[in-house]
Amino acid sequence: DGLHITSMPGSWLGIAQGFAGMRTANGLSLNPFIPAEWKGYGFQFDYRGRLIRLEVGAGSAKLKLLKGKPVTVTLCGTAYTLADEVEHSLA
């Protein structure tokens, strides 16, 4: 009954590090996948003063820089300079 605020960090980690494959050890990298039963998912996050949105669909993953300076991001093993929006095929 109600919002159990203490379980929210676990939910975030399950999505960000689990499904999206987010890692920050050597810069920002994402290796997202989508379960076959899902149509898509997305979320915004702050990374070193930048606001970034990730959207994952059946065939692609998109990163969009919403606020802040360009940053190098590795998406599915490919390095991109994220200055606006990048899209990577998941096929």
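The structure presented is a predicted model; accordingly, all values stated were derived computationally and were not measured.

Caption draft 1: Structural context of the packing of aromatic side chains. Evaluated as defined, the whole model comprises 5 aromatic pairs. Centre to centre, the rings of Phe19 and Trp38 are 4.7 Å apart; their planes meet at 40°, and the pair counts as tilted. In this pair, Phe19 is assigned in helix H1 (residues 8-19) and Trp38 in the loop between strand S1 (28-30) and strand S2 (40-47), connecting sequence segments 19 residues apart. A relative accessible area of 34% places Trp38 in the partly exposed class. Centre to centre, the rings of Trp38 and Tyr41 are 5.9 Å apart; their planes meet at 85°, and the pair counts as edge-to-face. In this structure an aromatic cluster arises from ring pairing among Phe19, Phe33, Trp38 and Tyr41.

Thresholds applied
Residues numbered from 1 in each chain as written. Predicted model: local features only at pLDDT ≥ 70, side-chain atom pairs only at ≥ 80, totals over all residues. Heavy atoms only, no water. Phe/Tyr/Trp six-rings, centres within 6.5 Å; stacked < 30°, edge-to-face > 60°. Helix = DSSP H or I, 4+ residues; strand = E, 2+ residues; numbered from the N terminus. Buried < 20%, exposed > 50% of the residue type's maximum accessible area, 1.4 Å probe, protein only.

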